[in-house]
Number of protein chains: 2
Amino acid sequence: MEMWFSELHTSNVKLSMRIEKQLFSGNSDCQRIDVLESVEFGKFLALDGDILFSEKDEFIYDEMVTHVPMAVHPDVRHVLIIGGGDGGVAKELTQYDSIEKIDVVEPDEMLVEVCREHFPELACGLDDPRVNVYYQDGLRFLRNKTEEYDLIINDATDPFGHTEGLFTKEFYGSCYKALKEDGIMVYQHGSPFYDEDKEECMKMHRKAFRAFPVSRVYQAHIPTCSSGYWLFGFASKKYHPLNNLRVKEWKKLHIKTRYYTTNLHRGAFMLPKYLEDMLEDEEDR
Amino acid sequence: MEMWFSELHTSNVKLSMRIEKQLFSGNSDCQRIDVLESVEFGKFLALDGDILFSEKDEFIYDEMVTHVPMAVHPDVRHVLIIGGGDGGVAKELTQYDSIEKIDVVEPDEMLVEVCREHFPELACGLDDPRVNVYYQDGLRFLRNKTEEYDLIINDATDPFGHTEGLFTKEFYGSCYKALKEDGIMVYQHGSPFYDEDKEECMKMHRKAFRAFPVSRVYQAHIPTCSSGYWLFGFASKKYHPLNNLRVKEWKKLHIKTRYYTTNLHRGAFMLPKYLEDMLEDEEDR
């Protein structure tokens, strides 16, 4: 039997992978959730047909949203993860002894249950005693928070659908308010390569650029993402991702990584010319 | 009508793109050549079913093999391109007035004819008076060359098939001999992400690492390449790609690019931890 899963990166390009079996399929209140076992990417989880992560490449994403801000901010104690029900980001964060509290706000309880069953090596990140999981809408959770967090990681991927609110101007404002005076926010920035994705990507930059004094974009190669090229936003009230990078201090922590290094950190902010130009156009508007 | 072209990146992963029409298909002495028109990537050329380049992303490849060595070597006059029958690399090189001679050694005459017809905006690179096209096997062409070139760009992609000889130990030795005492060689290094590609990728590093005093690997995001992540080798008799980068001098030339910047140049050598580890293992053998 031949079974292939395909994800449309645009209406005209798709990435397909050979499937061994489907391990789970169900509809939560928020979305359709599927777990599939593939030959090349191992097990992966799809939400409404789009891959959220795979065993083979989740480390890239989880490390890049975690270690980039953690190597810059000198004293992260309170962290908020918006989305992140799979536990992957929480797991990376629990490597840091200095962190006292990790709040995970995930609207989809079924997603957490499915991950606990099929991806226990990630979901175990949620079992750390410092982690509190709130089954709530991220935007609502944020509304009454003021200067509480050193770091906010917005793990939500999709500017459409049920997480749409996490991509509004209001959301960036709420994050700003919820961060302490030297807080950092990291968020998914989409892919700039295909024309269909470009506009969303640039809109996102506009909102963060206007809401935060420091706003930079960085990149990683993630094969299951659109065009294999994914961007992240680094928005910050005080620290600059390169000028305030604390190389020696971070290396002393002996954090285990497979993708991140402090050298790669620097390189991740060195963007292609076409992308630099797009971002600058947006900043000049 | 729905028409899709698929390229197998491994036996278990494929990238597919919607096709509007097939513009050419033929068999040369070396390979099958197809030109297809796609919605997302524009026109593209496939050799034996694998994409060689597309209109949408060829600039990334052509710029990265050209400007990285050109921004390091202080005085490039004679260049050899092995393969490169499409003219894209030659076109990038002709932006540099200091270059006196560009030899293109392409075994497949039909490939050049097809590119002249369907990709004139690239193939025009071959019309520059400094360019000489030799319809020959690259390895044979190199055998009687000694200290002739400042820069050799190995544009051949495939360690199997008719270009297999361009990936042997003998080939790296011949390139070394053909380069002047401060010469640089740049070559395609494949993709390190999928297990199927890993071994070839590492073997290539071993050969260059043993043949040249300086041997570094750099990266680019090229969506149509395997996993969207492509590596290049920088092998050199004298210059280091970062320590000898000539930022001011290069910027003064006002070369037009869409991907390359001298910042991106630096970032391109900052590799993921898993790749650094693989390369170091190879160097320790």
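About the thresholds
Residues numbered from 1 in each chain as written. Chains lettered and ligands numbered in written order. Predicted model: local features only at pLDDT ≥ 70, side-chain atom pairs only at ≥ 80, totals over all residues. Heavy atoms only, no water. UniProt positions renumbered as here; feature names shortened; annotations may be inferred. Phe/Tyr/Trp six-rings, centres within 6.5 Å; stacked < 30°, edge-to-face > 60°. Helix = DSSP H or I, 4+ residues; strand = E, 2+ residues; numbered from the N terminus. Buried < 20%, exposed > 50% of the residue type's maximum accessible area, 1.4 Å probe, protein only. Least-squares fit on C-alpha atoms with pLDDT ≥ 70 in both. Contact = heavy atoms within 4.5 Å. Domains from an automatic or database assignment. Buried area = accessible area lost by both parts, 1.4 Å probe. Polar contact = N/O pair within 3.5 Å; in protein donor to acceptor, adjacent residues only side chain to side chain. Nonpolar A, V, L, I, M, F, W, Y, C, P; charged D, E, K, R; others polar. Salt bridge = Lys/Arg side-chain N within 4 Å of Asp/Glu carboxyl O.

As annotated in an unreviewed UniProt entry, chain A carries the name Polyamine aminopropyltransferase and is attributed to Roseburia inulinivorans DSM 16841. As stated in UniProt under Subunit (unreviewed entry), the record for chain A gives "Homodimer or homotetramer."

## So, the packing of aromatic side chains
All names here are of chain B. All told, the structure shown has 32 aromatic pairs over all chains when counted by the stated rule. Ring plane angle 75° and centroid distance 5.7 Å describe the contact between F171 and Y172, whose orientation is recorded as edge-to-face. Judged by centre distance (5.1 Å) and plane angle (65°), the rings of Y176 and F212 are edge-to-face. Of this pair, Y176 sits in helix α6 (residues 169-178) while F212 is found in the loop between α7 (195-211) and β11 (214-221), placing the two residues 36 residues apart along the sequence. Here Y176 falls in the partly exposed class, since its relative accessible area comes to 32%.

## As for the relation of the copies chain A and chain B
Rotating chain A by 180° and moving it 0.0 Å along the rotation axis overlays it on chain B with an RMSD of 0.0 Å. Viewed as a symmetry operation, the transformation between the two copies matches a two-fold axis. Proximity to the rotation axis, assessed at the C-alpha, singles out G267 of chain A in chain A; its C-alpha lies 1.8 Å from the axis. Most of the interface of chain A is mirrored in chain B, where 100% of its interface residues again form contacts.

## Regarding the domain arrangement of chain A
Residues and elements named next belong to chain A. Taken as a whole, chain A is organised into domain 1 (4-54) and domain 2 (58-284). On a C-alpha basis, the centres of domain 1 and domain 2 stand 23 Å from each other. Counting from both sides, the interface comprises 24 residues of domain 1 and, opposite them, 21 residues of domain 2. Approximately 1,900 Å² of surface area, both sides summed, lies buried where domain 1 meets domain 2, with 69% of it carried by carbon and sulfur atoms. Considering only the surface of domain 1 that becomes buried against domain 2, H9, C30 and F53 emerge as the three largest contributors, covering 28% of it. In this structure, the connection of domain 1 to domain 2 is made through 6 residue pairs in polar contact (both at pLDDT 80 or more). Counting residues per element, the side of domain 1 that touches domain 2 draws most heavily on strand β2 (residues 13-27), which supplies 6 residues. Of the residues assigned to the side of domain 1 that touches domain 2, the class counts are 15 nonpolar, 7 polar and 2 charged.

## Quick notes on the interface of chain A and chain B
Opposite the 40 residues of chain A that make contact, chain B presents 40 residues. Between chain A and chain B, the buried area comes to about 3,400 Å², and carbon and sulfur atoms account for 63% of it. The three residues of chain A that bury the most area against chain B are N12, E40 and F193 of chain A, which together make up 19% of that side's buried surface. Across the contact surface, chain A and chain B share 2 salt bridges. Two residues, D195 of chain B and K56 of chain A, come together in a salt bridge whose shortest N-O distance is 3.7 Å. At the junction of chain A and chain B, the tally comes to 16 residue pairs in polar contact (both at pLDDT 80 or more).

## A short note on the environment of L122 of chain A
Residue and element names in this part refer to chain A. Along the chain, the position of L122 falls in helix α4 (residues 120-123). Measuring from C-alpha to C-alpha, the distance between L122 and D182 comes to 29 Å, with 60 residues separating the pair along the chain. Once residues within four sequence positions are removed from consideration, L122 is found in contact with F53, E58, D62, D86, G87, G88 and K91.

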